[in-house]
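Structural overview for review
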Amino acid sequence: MSKLSEKYTQDEAIDLSHHLSRLARNRALSPLKGLQKYFGKPGILSLAGGLPSPAYFPFDSISADALISGSFPVKVASETPKGSLSWIWSLFSNTEESTSPISVPKYPLKAGDLNLATALQYGMSGGLPQLQKVIHEFTGNVYKPAYSNFTTLLHAGNTDGWMKIVTTLCNPGEGVLTSEWTYPSAIATMTPFGITPVPLPMDGQGMRSDTLRDTLSGWDEKARGMPRPHVMYIIPVGQNPTGATMQFKRKQEIYNICVEFDIIIVEDDPYYFLQEGPYVPQPHRLKSVGDIEPSDEQYIASLAPSFLACDVQGRVVRLDTFSKTVAPGCRLGWFTCNPIFAERLERQAETSTQAPCGFGQSLVTALLLQWQYSGYLRWLKGLGSEYRHRRDFFIDCLADKFHLELGESTMGWSKGCERYFASKKGDNFKRGKGAPMFSFIPPTSGMFVWLQLHFDQFPKVDDEDDKSLERKLWIALAEAGVLFGPGNMFSANASVGDPEGSGHFRISFSNAEFDELKKAVDIFANVIATFFENA
């Protein structure tokens, strides 16, 4: 992968070792793994480890036909909803070869070549050196960390990465700062270790900086029953579940507060390259086929910068993954962090996952080496366009079945933001014509639409709480053939439930075919209309 030339003149990370957990401090170098730095020494005869002979690996090579990096158009026409099969259209309409073979042999033809004898062997927990090099260069070019000695280290996907961070930085009895709505598996990972989420209010960009400062400055350890948190978990792009995108100014505000109160920021960013931009209603959407493709530099500049771009101290631990850009089954991603944290994370991996799967590493490395830096960026540009088209199509389907009216939100995390209020077309309800049944803010990143259910507008629900009504409506939809994500599970405080006192659904537009998305909206429209009248 070619590298865009950039010289780092920044200072090195400061010493943040006081944030390490007791467990992390007690981790020693694995006795067996400590020998591996000598294994690759030219001419050395290794009889030390219990390494199987590569001659007995039943794979002489692994090969695949990979899509070319330009398989997806960067600009998708609004009137051609080809969905997850759009790549087939682009293959037939592309004058280039549609696929290109990649292959990894068992043994290298020359020193330094990617090979299965190394990839499928017990290896260093940091991952294959060829992939490490690609990832380090990509991180420097795209995210531009603001300190010089940033370190990248492979993990087996962001959930695995977060688990390793929890045990490396957190002690039982501590808390972690989170958004009031967040990824439930992140909460489920830390609570068995006796680590408690500390939910913070949100707005249209995600976590609010003003309430972060208020929470930290007014922290009462005795009243809270725990010391002031020193770790933050945040999904700044494609915030899960709301789909919000945090802009750089807000990130700088949060970062400066974290410097002041000595907080480590864990930036979980799986949707970073699915930045779709604002939703534009179909009647106002311009045809975009034929637009000039942005250069690599223009594309990177168009993305909301990472927390790394303002991290001059090395207090951000960034989690990246190939799950959303290549395939989830790769179980492959990487940390970017300061060298002290990286060394402790590597020690943790040595006695748990060791290295990520050699098959996944081999194929992803071969793919990236073939595509090169610009090719991978071209692939990411196309992916962003595809998901934008999917987002637009799904919301267009809602607009076809409901009357959508743009208005200002007056409550909850989206207070002051413009959102669409949805009512049934052409009906008169007992509480007035066009009473909203639900509302949403179109996501600017990610894979989900976050619906807020307006049970207060439903005629017959006065005697039931919102959690019960959300569950009843969810069951009615499931019995009709559609599954949505129940909103209550995304609350960072499970004992309280929905922090806004209303029901929610998280709806994915990322996987179903376009006709299935439309069918799902049709079913939803029928079920919620019946529920509205009869609940």
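See above for the structure.
A brief structural summary.

The rules behind each value
Residues numbered from 1 in each chain as written. Predicted model: local features only at pLDDT ≥ 70, side-chain atom pairs only at ≥ 80, totals over all residues. Heavy atoms only, no water. Axes fitted to C-alpha atoms, helices over the stretch in contact; angles between N-to-C directions. Helix = DSSP H or I, 4+ residues; strand = E, 2+ residues; numbered from the N terminus. Left-handed = near helix turned anticlockwise from the far one by under 90°. Contact = heavy atoms within 4.5 Å. Salt bridge = Lys/Arg side-chain N within 4 Å of Asp/Glu carboxyl O. Buried < 20%, exposed > 50% of the residue type's maximum accessible area, 1.4 Å probe, protein only. 1 Å grid on protein atoms, 1.4 Å probe; cavity = no way out; pocket = protein on both sides within 12 Å on 5 of 7 lines; lining within 4 Å. Points joined across faces, edges and corners; volume = space filled by probe spheres on them. Nonpolar A, V, L, I, M, F, W, Y, C, P; charged D, E, K, R; others polar. Expected span 1.5 Å × (residues − 1). Bend = angle between axes of the 7 residues up to and from the residue. Parallel < 35°, antiparallel > 145°, perpendicular 65-115°, else oblique.

**Re the packing of helix H12 (residues 358-401) against helix H14 (residues 514-534)**
One can describe the packing of H12 onto H14 by two numbers: an axis separation of 9 Å at closest approach and a directional angle of 35°. In the packing of H12 onto H14, the handedness of the crossing is right-handed. Here His-389, Arg-390, Phe-393, Phe-394, Cys-397, Leu-398 and Lys-401 of H12 lie close against H14, whose contacting residues are Phe-514, Leu-517, Lys-518, Val-521, Asp-522, Phe-524 and Ala-525.

**A few points about the pattern of salt bridges**
Inspection of every chain in the model, using the stated rule, returns 23 salt bridges. As a salt-bridge pair, Asp-262 and Arg-315 come within 3.2 Å of each other at their nearest N and O atoms. Within this pair, whereas Asp-262 is found in the loop between helix H9 (248-261) and strand E9 (264-268), its partner Arg-315 is found in the loop between helix H10 (296-302) and strand E10 (316-321), the two being separated by 53 residues in sequence. As a salt-bridge pair, Asp-296 and Lys-381 come within 3.1 Å of each other at their nearest N and O atoms. Within this pair, whereas Asp-296 is found in helix H10, its partner Lys-381 is found in helix H12, the two being separated by 85 residues in sequence. Asp-296 sits in the buried class, given a relative accessible area of 14%. Judged by relative accessible area, which is 6%, Lys-381 ranks as buried.

**Focus: empty space enclosed by the protein**
One way to see where empty space is left: roll a probe the size of a water molecule over the atoms. For the structure shown, the criterion picks out 2 cavities of 30 Å³ or more. Looking at the largest cavity, its volume works out to about 60 Å³. In this structure, the largest cavity is lined by Tyr-143, Asp-269, Pro-270, Tyr-271, Tyr-272, Phe-273, Asp-320, Thr-321, Thr-325, Trp-334 and Tyr-376. The residue makeup of the lining of the largest cavity, split by class, is 7 nonpolar, 2 polar and 2 charged.

**With respect to H12**
The first and last C-alpha atoms of H12 sit only 48 Å apart over 44 residues, clearly below the 64 Å expected at 1.5 Å per residue. At Gln-372, H12 is bent by approximately 100°, the largest bend along its length. Within H12, 34 of the 44 residues are buried, which leaves it mostly tucked inside the rest of the structure.

**Description of the packing of helix H7 (residues 209-217) against H9**
Here H7 crosses H9 at 10°, and the two axes come no closer than 9 Å. In terms of orientation, H7 and H9 fall into the roughly parallel class. Of the residues in H9, those touching H7 at Ser-209, Leu-212, Arg-213, Leu-216 and Ser-217 are Arg-250, Glu-253, Ile-254, Ile-257, Glu-260 and Phe-261. Of the residues in the contact of H7 with H9, the class split is 5 nonpolar, 2 polar and 4 charged.

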